[in-house]
Amino acid sequence: MPHSIRYVMIGGFLGAGKTTTLLRLADHYRRRGLRVGVVTNDQAEDLVDTNTFRAGGFDVGEVAGACFCCRFDELLATIERLGAARQPDVILAEPVGSCTDLVATVIQPIKQLYGTRFDIAPYCVILKPSHGRKILRNERRAGFSPKAAYILRKQLEEADAILINRIDELAEDEAAELQQLVHEHCPDTPVLRISARTGAGFEALTELLEQRGEFGRKILDIDYDTYAEGEAELGWVNANVQLRGERPFDLDDLLLRAVRTLHEQFTRQGVEPAHLKVIGLAEGSFGVANLVSSDIPPELSLSSHCRTATADLIVNARVACDPQLLERCVRETVERCAADAGASAAFRGVQSLRPGRPTPTHRTTTAR
């Protein structure tokens, strides 16, 4: 009889650090000699995350077009495909950052329909300090409407454990305040402090994820009208662009310049970025630039150290604005930054949308 697969799903709001956390976990399990499969998820196709995991040498499947809860059968089929050659020991799953109610619509259905095939790890949700602090403080200028903030709160409420990320960037009093805010909102949920970037706190996290027990049992009391309206306030753009220059250009410089320019445009427009990722792929190397909040500077999270005359760019932008405005900003910025680098930009595919109302394949009301 085949052994069960350890299913590790890490949730959290857009820009919380799920991809970086899962990359570090994937490397941890691989170094232990375990076979690792990764499933990414998005409302659209062409994911930076998928390409990042593949560049790291991991087997990756992508569930696109809606969240795991609305593509439950595709989630299971994707896991099946990952195990076609050799069944993974661990599946790492990264749900869409604007989704919640995942215990009732993903974890419990897996338990109840496929209980012998999967061993469910504690469901952890990552809190991004910048937006989390403002929303949990009930600040008027949190950057998002109360309906969008509702999603972040609900994500925390269904977690078995909450991970406060980016502690390497926080003073002790800031981290303590965040932990107190989380405790006030979710008094019975354990909290860990981590840095996905540096690995701080990861020993405690991996120990937590090794625990066996009755996890994934917090069924939310949730208003799907508020949830759907909160998701629909975010504009999404995914773009795939081919860059060609007459001479080599600095790929990292172009990535960071593009994200900085978009940051400036969002500031002028008065719109809040939930997350912006740009990956540049060249022969044998890749780099990633990110923006996670209006009040945190853009960063080059992974350097390609590459000069190249050709590259592929993938842009994933999630911003609280009209998607047509967002698409126009992305197109103009990429074309201008490419021209400044002496390159042309050919858009091979662009998707712009607002997420539709979530319609789960399954939703359980009792936990097993």
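These numbers come from a predicted model, not from an experiment.

Enquirer: It is not clear to me how the pattern of salt bridges should be interpreted in this structure. Could you clarify?
Expert: When the charged atoms of two side chains lie near each other, side chains of opposite charge can form a pair. This model, assessed by the stated rule, comprises 30 salt bridges. We note a salt bridge from Arg 137 to Glu 139, for which the minimum N-O separation is 2.8 Å. Residue Glu 299 is joined to Arg 166 by a salt bridge in which the shortest nitrogen-to-oxygen separation is 3.7 Å. With Glu 299 in strand E12 (residues 299–302) and Arg 166 in the loop between strand E7 (161–164) and helix H7 (172–185), this residue pair connects regions lying 133 residues apart in the sequence. Here the salt bridges do not stand alone but share partners, grouping Arg 6, Arg 32, Asp 119, Glu 210 and Arg 212 into one network.

Enquirer: Would you take a moment to explain the environment of Asp 322 for this structure?
Expert: Residue placement: Asp 322 occurs in the loop between strand E13 (307–319) and helix H11 (323–340). For the pair Asp 322 and Glu 233, spaced 89 residues apart in sequence, the C-alpha to C-alpha distance is 8.0 Å. A polar side-chain atom of Asp 322 sits 2.9 Å from the main-chain amide nitrogen of Gln 324.

Enquirer: Explain the packing of aromatic side chains to me, please; I cannot follow it from the model alone.
Expert: In this description, an aromatic ring pair is defined by two values, namely the gap between the centres and the angle between the planes. By the definition in use, this model includes four aromatic pairs. Ring geometry for Phe 13 versus Phe 144: centroids 5.6 Å apart, planes at 75°, classification edge-to-face. Placement of Phe 13 in the loop between strand E1 (5–12) and helix H1 (18–31) and of Phe 144 in the loop between helix H5 (129–136) and helix H6 (146–157) is noted, with a sequence separation of 131 residues between them. Owing to a relative accessible area of 2%, Phe 13 belongs among the buried residues under this scheme. By relative accessible area, which is 10% here, Phe 144 ends up buried. Here the basic side chain of Arg 24 rests over the ring of Phe 202, its NZ or CZ set 5.6 Å away from the ring centre. Against the face of Phe 347 rests Arg 331, its NZ or CZ located 4.8 Å from the ring centre.

Enquirer: I keep staring at the pairing of E13 and nothing clicks. Help me out?
Expert: Regular strands place side chains that alternate from one sheet face to the opposite one. Where strand E9 (residues 235–250) and E13 come together, 12 bridges link them in antiparallel fashion. Bridging across to E13, Asn 238 finds its partner in Asn 316.

Enquirer: Honestly, the environment of Leu 326 in this entry has me stumped. Any pointers?
Expert: Mapped onto the elements, Leu 326 comes out in helix H11. Residue classification places Leu 326 among the buried positions, given a relative accessible area of 0%. Separated by 64 residues in the primary sequence, Leu 326 and Leu 262 place their C-alpha atoms 9.4 Å from one another. With sequence-adjacent residues up to four places away left out, Leu 326 is seen in contact with Gly 235, Trp 236, Val 237, Phe 266, Ala 317, Val 319 and Cys 321.

Enquirer: Just checking my understanding: could you explain the packing of helix H10 (residues 251–269) against H11 for this structure?
Expert: Relative placement of two packed helices is described by the angle separating their axes and the distance separating the axes. Viewed as axis vectors pointing N to C, H10 and H11 meet at an angle of 140°, and their least axial separation amounts to 9 Å. Between H10 and H11, the crossing angle belongs to the class labelled oblique. Our pair here, H10 against H11, has a crossing hand that is right-handed. Here Leu 254, Arg 257, Ala 258, Thr 261, Leu 262, Gln 265, Phe 266 and Gln 269 of H10 come into contact with H11, specifically with Leu 325, Leu 326, Cys 329, Val 330, Thr 333, Arg 336, Cys 337, Ala 338 and Asp 340.

Conventions used here
- Residues numbered from 1 in each chain as written.
- Predicted model: local features only at pLDDT ≥ 70, side-chain atom pairs only at ≥ 80, totals over all residues.
- Heavy atoms only, no water.
- Salt bridge = Lys/Arg side-chain N within 4 Å of Asp/Glu carboxyl O.
- Helix = DSSP H or I, 4+ residues; strand = E, 2+ residues; numbered from the N terminus.
- Polar contact = N/O pair within 3.5 Å; in protein donor to acceptor, adjacent residues only side chain to side chain.
- Phe/Tyr/Trp six-rings, centres within 6.5 Å; stacked < 30°, edge-to-face > 60°.
- Buried < 20%, exposed > 50% of the residue type's maximum accessible area, 1.4 Å probe, protein only.
- Lys NZ or Arg CZ within 6 Å of the ring centre and 35° of its normal.
- Pairing = 2+ DSSP bridges.
- Contact = heavy atoms within 4.5 Å.
- Axes fitted to C-alpha atoms, helices over the stretch in contact; angles between N-to-C directions.
- Parallel < 35°, antiparallel > 145°, perpendicular 65-115°, else oblique.
- Left-handed = near helix turned anticlockwise from the far one by under 90°.

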